[in-house]
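This is what each chain is made of:
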Amino acid sequence: MKRTILAALAALAMSGAAYADTIKIGVVGPFSGPFALQGKNFKAGIDAYMAVNGSKVGDDDIEIIYRDVPQADPAQSKALAQELVVREGVQYLAGFYFTPDAMAVTPLLEQANVPLVIMNAATSAIVTKSPLVVRTSFTTWQTSTPIAKVAKDAGVSKVISVVSDYGPGVDAENAFKAGFEAAGGEVVEAIRMPLATNDFSPIMQRIKDSGAEGVFAFLPSGPTTLGFVKAYNENGLKSGGIKFFAPGDLTQESDLPALGEAALGVQTTFHYAVSHVSPENKAFVEAASKAIGNPAELSFPSVGAYDGMHVIYKMIEATGGEQDAQKAVDAVKGLSWTSPRGPVSIDPESRHITQNIYLREVAKADDGTYYNKEVQTFEKQGDPGLAALK
Amino acid sequence: MQTVFSIAIDALAYGMVLFVISIGLSVTMGLMRVVNLAHGAFAMIGGYIASYAARDLGLAYGFAIVLAVFGTILIAIPIERLLYRRIYGAPELTQVLMTIGITFCIIGIANYVFGPTLKTVPLPAQLQGSVDLGFRAIATHRLFAILCGLAVAAALWYAIERTAFGVKLRASVDNAAMAAALGVRTEIVYAVSFAVAVGLSAFGGVVGAELLPVEPYYALRYMVTFLVVVSVGGAGSIPGALVACLLLGGIDTTGRYLMPEFGEFFFYLAVIAIICVFPRGLAGRAKG
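Residues numbered from 1 in each chain as written. Chains lettered and ligands numbered in written order. Predicted model: local features only at pLDDT ≥ 70, side-chain atom pairs only at ≥ 80, totals over all residues. Heavy atoms only, no water.

Peer 1: Run through the environment of A:Ile147, naming residues and quoting values.
Peer 2: All names here are of chain A. Relative to the elements of secondary structure, Ile147 occurs in helix 6 (residues 140–153). A relative accessible area of 0% places Ile147 in the buried class. Not counting residues up to four positions away in its chain, the partners in contact with Ile147 are Phe176, Phe216, Phe245, Ala246, Gln267, Thr268, Thr269 and Leu359. (Helix = DSSP H or I, 4+ residues; strand = E, 2+ residues; numbered from the N terminus. Buried < 20%, exposed > 50% of the residue type's maximum accessible area, 1.4 Å probe, protein only. Contact = heavy atoms within 4.5 Å.)

Shown next, in the form of structure tokens:
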């Protein structure tokens, strides 16, 4: 008897699936632990997108299932992705703050018939690991290359590069070196410092001793950037006329209140500033601020998540809610739209986002808060890191 | 030569900041025999209070420090009465589990109350900027940290070695039952030393905030650093901790200047070497 009822229920459930479906999207990110702020930004971007565009695509309801990987942990990331696919039956995987976490999941995609939309992880190589990966964030190469031109244009021809000794740091170092040497400059020295560095005074002394006219720096956003920027000021590098160049990770909006005066005038290149002036961004910031609670915590991962949702919605539209990963990915190749960060498109070949990179300067607003003020635009930047891989 | 001076001054500054931040832990571990992994959490509370007082209430820096120290002690009193009192004299594993649990709770609460973003303690005009030493510039607050470190070291040494309270404390540590029999109110001695240790961690959290910015994971992020300083110096020894800080600060700074790509290799190599030669730390006493 029991079995009959179960069979009947199962049949019912299956027949129901043909009409209005609930399409599940599994989002993996750091929602607790030291990087919880970035996970919070994922969620804010996703919530903002669903608040603006509704939680339905056609007849299908969209349900987001979050899974937490507090720190870069490929094994756990893979296990959670597997669980999302097998037990929860998600049709799309998204999120991923750290490169190793995203890398670990790419081997699953083909068999699971699930596309992966990366909302942050910024190493160029990820998109080459599976044809079902689409990325809506940025790569370190993409954001670090234009700053080399900025440095050269500012009349600096000798630069010392200082990066945190881990994947993205090395990427930044290579990207800057390639860009700067192509522009005719010289990288006099390249220092890699440990991730756990607290005291940057010795590094600053090294920079001074190197005789460079400018310093290119990359550190992961968070507590260390504060120490680095402060040390740059306090050890007399700023007053000594050594110019500071970096990708925008160093001056992410949620760190700016702490950096404050010390970061004033620092020039960075990045794909998104919360202060970007456009009607799309105004609507986005409004919705995302509401979602995150405290607008001061809003930062770049939110826009990656917002655009990631846009891509997924387009995929669902194109497949009519059926699970067909290849068709879904093919549908967004070459897709272009106006994101809160400006005009963007998905490069059909690399499936990475082509976007404007902005040169920004930390400025003080009338109300005494600090923000990244966009001063120059580098239009339609692809990912130079992919070319470097070959 | 200039490089040598330059490294020396950086090493001194870094070492003294390490000292100010870690000395509270040395007191709890050495004198009270409590492996207090929540030390960083108390330092963090101090930092948050100072940040709130100076930034949001606009109080003066000195006043913010005082408020941070006493505010943290006030918060620590119920924790001591309800939780720490149970683990005095307990096996180390119990202490570690209890205090790491306290740390996680405090991290969660800090995250909830203050949010995950970085907090700074704004410096007064006198401590901002840098001082020119002739051959190089050094941040004024670093000099301030050096002075604070020296003052703390001198005051603690005096209190422990030269005052009646210090005698009672050392007696209670060496043999609590005997000291109690001789009329020492050991629970009061313990409570006062705990308050002092907590106050010191809060003080270190505020003074060191320029180097180790305050955020919810502060409590865990720097735990290893604190423990290393205490174990190298010898738990409970003020001169030991001072020497350890200067030595480790010197090695770390030199390594970072000359060979940054080696990371913290030299730092930990030195730690291993010192612990091999002095298992109880540079100035540790054998357990009585």
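Peer 1: Tell me about the pattern of salt bridges, and name the residues and values.
Peer 2: Residues and elements named next belong to chain A. One pass over the structure, following the stated rule, counts 21 salt bridges over all chains. Here Arg67 ties to Glu88 by a salt bridge, and the two come within 3.1 Å at their closest N and O atoms. You can see Arg67 sitting in strand 3 (residues 60–68) and its partner Glu88 sitting in the loop between helix 3 (74–86) and strand 4 (92–95), a full 21 residues away along the chain. With relative accessibility at 22%, the residue Glu88 sits in the partly exposed group. Measuring nitrogen to oxygen at the nearest pair gives 3.3 Å for the salt bridge that ties Asp330 to Lys333. Among the residues examined, Lys333 registers a relative accessible area of 31% and is labelled partly exposed. A single salt-bridge network, built from bridges that share partners, covers Lys24, Arg67, Glu83, Arg87 and Glu88. (Salt bridge = Lys/Arg side-chain N within 4 Å of Asp/Glu carboxyl O.)

Peer 1: Tell me about the environment of A:Lys78, residues and numbers included.
Peer 2: Residues and elements named next belong to chain A. Checked against the element boundaries, Lys78 lands in helix 3. A sequence separation of 28 residues divides Lys78 from Thr106, and the C-alpha atoms of the two residues are 8.9 Å apart. With near-sequence residues (within four places) excluded, Lys78 lies in contact with Ala104, Val105 and Leu108.

Peer 1: Outline the packing of helix 2 (residues 36–53) of chain A against helix 12 (residues 301–319) of chain A, listing residues and values.
Peer 2: Residues and elements named next belong to chain A. Relative to each other, helix 2 and helix 12 sit at 45°, their axes nearing to 7 Å. When the axes of helix 2 and helix 12 are compared, the pair comes out oblique. With respect to the hand of their crossing, helix 2 and helix 12 are arranged in right-handed fashion. Taking contact as the criterion, the partners of Gln38, Asn41, Phe42, Gly45, Ile46, Ala48, Tyr49, Met50, Val52 and Asn53 in helix 2 are, on helix 12, Pro301, Ser302, Ala305, Tyr306, Met309, His310 and Tyr313. Split by residue class, the contact of helix 2 with helix 12 holds 11 nonpolar, six polar and no charged. (Axes fitted to C-alpha atoms, helices over the stretch in contact; angles between N-to-C directions. Parallel < 35°, antiparallel > 145°, perpendicular 65-115°, else oblique. Left-handed = near helix turned anticlockwise from the far one by under 90°. Nonpolar A, V, L, I, M, F, W, Y, C, P; charged D, E, K, R; others polar.)

Peer 1: Pulling in residues and values, what's your account of the nonpolar core?
Peer 2: Core analysis: the largest hydrophobic core is formed by 82 residues, its most contacted members being B:Phe42 and B:Tyr84. In this view, B:Tyr84 contacts B:Val34, B:Asn36, B:Ala38, B:Phe42, B:Ile79, B:Thr99, B:Ile102 and B:Phe194; residues no more than four positions away in its chain are not counted. (Core = buried A, V, L, I, M, F, W, Y, C linked by side-chain atoms within 4.5 Å.)

Peer 1: I'd love a proper account of the packing of aromatic side chains, names of residues and values included.
Peer 2: Applying the stated criterion to the full structure yields 29 aromatic pairs over all chains. Between A:Tyr49 and A:Tyr313, the aromatic rings sit 4.9 Å apart at their centres with planes inclined by 85°, giving edge-to-face as the arrangement. Here A:Tyr49 is found in helix 2, whereas its partner A:Tyr313 is found in helix 12, with 264 residues between them in sequence. Consider the rings of A:Phe138 and A:Phe300, whose centres lie 5.7 Å apart with planes at 85°: the pair is edge-to-face. Remark: A:Phe300 occurs in the loop between helix 11 (279–292) and helix 12 and A:Phe138 occurs in the loop between strand 6 (133–135) and helix 6; sequence separation between them is 162 residues. Judged on exposure class, the residue A:Phe138 and its partner A:Phe300 are both buried. Among the aromatic residues, those joined into a cluster by ring pairs are A:Tyr49, A:Tyr272, A:Phe284, A:Tyr306 and A:Tyr313. Its guanidinium or amino end placed over the ring of B:Tyr14, B:Arg256 lies 5.8 Å from that ring's centre, counting from NZ or CZ. (Phe/Tyr/Trp six-rings, centres within 6.5 Å; stacked < 30°, edge-to-face > 60°. Lys NZ or Arg CZ within 6 Å of the ring centre and 35° of its normal.)

Peer 1: Tell me about the interface of chain A and chain B, residues and numbers included.
Peer 2: If you look at the interface, chain A gives 31 residues, while chain B gives 34 residues. When the buried area of chain A at its contact with chain B is split by residue, A:Asn198, A:Pro223 and A:Glu234 rank highest and sum to 22% of it. At the junction of chain A with chain B, the criterion picks out two salt bridges. For B:Arg142, the salt bridge is made with A:Asp199, and the minimal N-O distance between the two is 3.0 Å. Counting every contact that joins chain A to chain B gives 11 residue pairs in polar contact (both at pLDDT 80 or more). Contributing elements (two or more residues each) for the side of chain A that touches chain B: helix 2, strand 8 (186–193), helix 8 (201–209), helix 9 (223–234) and helix 10 (256–259) of chain A. Ranked by the residues each element gives to the side of chain A that touches chain B, the list is headed by helix 8 of chain A, at seven residues. Residue composition of the side of chain A that touches chain B, by class: 12 nonpolar, eight polar and 11 charged. (Buried area = accessible area lost by both parts, 1.4 Å probe. Polar contact = N/O pair within 3.5 Å; in protein donor to acceptor, adjacent residues only side chain to side chain.)

Peer 1: Go over the sheet that holds strand 1 (residues 22–29) of chain A with me, naming the residues and quoting the values.
Peer 2: All names here are of chain A. Read from one edge of the open sheet, six strands run 2-3-1-4-5-6, paired in mixed fashion. At either margin of the open sheet sits one strand with a lone partner, and together these are strand 2 (56–57) and strand 6. Here eight bridges tie strand 1 to strand 3, and the two strands are oriented parallel to one another. When the sheet's bridge partners are listed, Val27 is paired in strand 3 with Tyr66. Along the sheet, helix 2 contacts strand 1, strand 2, strand 3 and strand 4; its crossing angle with strand 3, the most-contacted strand, is approximately 170°. Against the sheet, helix 3 makes contact with strand 1, strand 3 and strand 4, and its axis sits at roughly 155° relative to strand 3, the strand it touches most. (Pairing = 2+ DSSP bridges.)

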